[in-house]
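Each chain, written out:
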Amino acid sequence: MSESLDQQKSVLLIEDHSKNIQFIAATLMAEGYKLAFAMDGGKGLQQIKDDTYDLIMINADVPEFSALDIMVELQLIQHNCDTPVIFLLNEVTTQGIEDLYDAGAVDYISLPFVAQEVITRVKTHIGVDKSIDNETMKAIDVNIHEHIDNDISNRFEEIFEQHQQRGISQQEIIFTLCSLMEKRSHEKMVHVRRIADVSYLLALLMGFNDEEATLLKMAAPLHDIGNLAVPDRVLSKPDELTMEEFEMVEKHTQFGFDMLKSSNEPILKMAAIISQQHHEKYNGSGYPKGLKADEIHIFARIVALADVFDTLSEDRVYGKAWEDEEIERYIDKEKGNHFDPTLVELFLRHKERFFELRSKGNLF
């Protein structure tokens, strides 16, 4: 029987890679630990000052405030000065390990993380033996999502502000955000860029001016950004998903919207709408809201077609790429069902241009 939350041993994780956060959180919370985390050193140090923890785990390469600097500051914080610290290492070197121990670390764990090793090392320093039920685990997942959503949203704003101060183009900003998404999810950069190009061409054929079509082109690559908040144990599962896991994957549309909706940047505002609606279907059978026809933003309707077109055009773990004729037949069959009929007609009328665009890889 699990102990009450106020009796749980607490762990602070300072880590900037959301995949590592998901893995360690799922591993330790399933063992009954209470977990807090920060995605940069500055925020982590503030949490150390504000709260008391039984154990602190720090990625040695955490940004903003170095791990070794955190160790120096830790000695000055009375309520946490004796808290054991385990370092997470992306790369193991003899000198690096010596520096960590000299700074006061009690242990280290190196990539790739193994669940049992993480559990064993943590128990060595703050032994605990608890179980946790499924309902509590679901609540934990929701809590992780909310924190990651908030941290990623803040990071988006910081990236835009920093890049604009340096005079870097919005195009490069989107590349930065897409690289963040690529590291977490299994979407390849080339896939999201092709979706951007196909969406841009469809928008022009629909009669949008270049400024409007370019806005779509810049926002479209972020359509699956919500996958950052889907638990890695689900996103990376090699077997068929359960109904509950599939429902969790479907939530990536809302996660993406929640991450982006508060931004003042036009590109991110549009990306929020696309993220939320790109799995809606013209006949109302899609998700998350069952919108239909013109209830779905036209840019989301465009991205829905572009996404399916490119997905069917490339090899995936679950199947080979379709022949061009098969793709044409499928898109035509889904006219008025999955896809906007007008967009399908435009696509088929100009299909040579789309297949040529895909083959050339004319990315941005």
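**Side note on empty space enclosed by the protein**
And then number 1: What the rule picks out here adds up to one cavity of 30 Å³ or more.
And then number 2: The volume enclosed by the largest cavity comes to roughly 40 Å³.
And then number 3: Surrounding the largest cavity, Gln277, Glu280, Ile296, Ala300, Arg301, Ala304, His338, Phe339 and Asp340 form its lining.
And then number 4: Among the elements that line the lining of the largest cavity, the one with the most residues is helix α14 (residues 298-312), at three residues.
And then number 5: Of the residues in the lining of the largest cavity, the class split is four nonpolar, two polar and three charged.

**Some thoughts on the sheet that holds strand β2 (residues 34-38)**
And then number 1: The five strands lie next to each other as β2-β1-β3-β4-β5, forming an open sheet whose pairing is parallel. The open sheet has two edge strands with one neighbour each: β2 and β5 (107-110). Across the sheet, the axes of successive neighbouring strands diverge by a mean angle of 20°, strand direction being ignored.
And then number 2: Examined bridge by bridge, strand β1 (residues 10-14) and strand β3 (residues 55-59) share four bridges and lie parallel to one another. What sits directly across from Leu12, in β3, is Ile56.
And then number 3: Helix α1 (residues 18-29) rests against β1, β2, β3 and β4 (85-89) of the sheet, and its axis sits at about 165° to β2.

**Some details on helix α12 (residues 252-260)**
And then number 1: The complete set of buried residues in α12 reads His252, Thr253, Phe255, Gly256, Met259 and Leu260. Take α12 and look down its axis: the buried residues cluster within an arc of 165°, on one side only.

**Brief notes about the packing of aromatic side chains**
And then number 1: Summed over all chains, the structure comprises seven aromatic pairs.
And then number 2: Judged by centre distance (5.1 Å) and plane angle (70°), the ring pair of Phe309 and Phe347 falls under edge-to-face. Remark: Phe347 occurs in helix α16 (residues 341-349) and Phe309 occurs in helix α14; sequence separation between them is 38 residues.
And then number 3: Classification of Phe309 as buried rests on a relative accessible area of 0%.
And then number 4: Judged by its relative accessible area of 1%, Phe347 falls in the buried class.
And then number 5: Between Phe347 and Phe355, the ring centres sit 6.3 Å apart and the planes meet at 65°, which makes this aromatic pair edge-to-face.
And then number 6: Every member of this aromatic cluster is reached through a ring pair, and the members are Phe309, Phe347, Phe354 and Phe355.

**Description of the confidence of the model for the chain**
And then number 1: Residues at a pLDDT of 70 or more form 76% of the chain, whose mean pLDDT is 80.
And then number 2: Within the model, the stretch residues 1-6 combines pLDDT values under 50 with six contacts to residues more than four positions away or in other chains.
And then number 3: Here residues 128-132 is modelled with pLDDT under 50, and outside its nearest four sequence neighbours on either side it reaches 16 contacts, counting other chains as well.

**Side note on the side chain of Glu15**
And then number 1: With respect to the helices and strands, Glu15 occurs in the loop between β1 and α1.
And then number 2: A polar contact is formed between the side chain of Glu15 and the side chain of Asn20, at a distance of 3.3 Å.
And then number 3: Polar side-chain contacts of Glu15 include one of 2.9 Å to the side chain of Asn59.
And then number 4: The residues contacting Glu15, other than those within four sequence positions of it, are Asn20, Ile21, Ala38, Met39, Asn59 and Leu88.

Each value, and the rule that gives it
Residues numbered from 1 in each chain as written. Predicted model: local features only at pLDDT ≥ 70, side-chain atom pairs only at ≥ 80, totals over all residues. Heavy atoms only, no water. 1 Å grid on protein atoms, 1.4 Å probe; cavity = no way out; pocket = protein on both sides within 12 Å on 5 of 7 lines; lining within 4 Å. Points joined across faces, edges and corners; volume = space filled by probe spheres on them. Helix = DSSP H or I, 4+ residues; strand = E, 2+ residues; numbered from the N terminus. Nonpolar A, V, L, I, M, F, W, Y, C, P; charged D, E, K, R; others polar. Pairing = 2+ DSSP bridges. Axes fitted to C-alpha atoms, helices over the stretch in contact; angles between N-to-C directions. Contact = heavy atoms within 4.5 Å. Buried < 20%, exposed > 50% of the residue type's maximum accessible area, 1.4 Å probe, protein only. Arc of directions from axis to C-beta. Phe/Tyr/Trp six-rings, centres within 6.5 Å; stacked < 30°, edge-to-face > 60°. pLDDT = per-residue confidence, 0-100. Polar contact = N/O pair within 3.5 Å; in protein donor to acceptor, adjacent residues only side chain to side chain.

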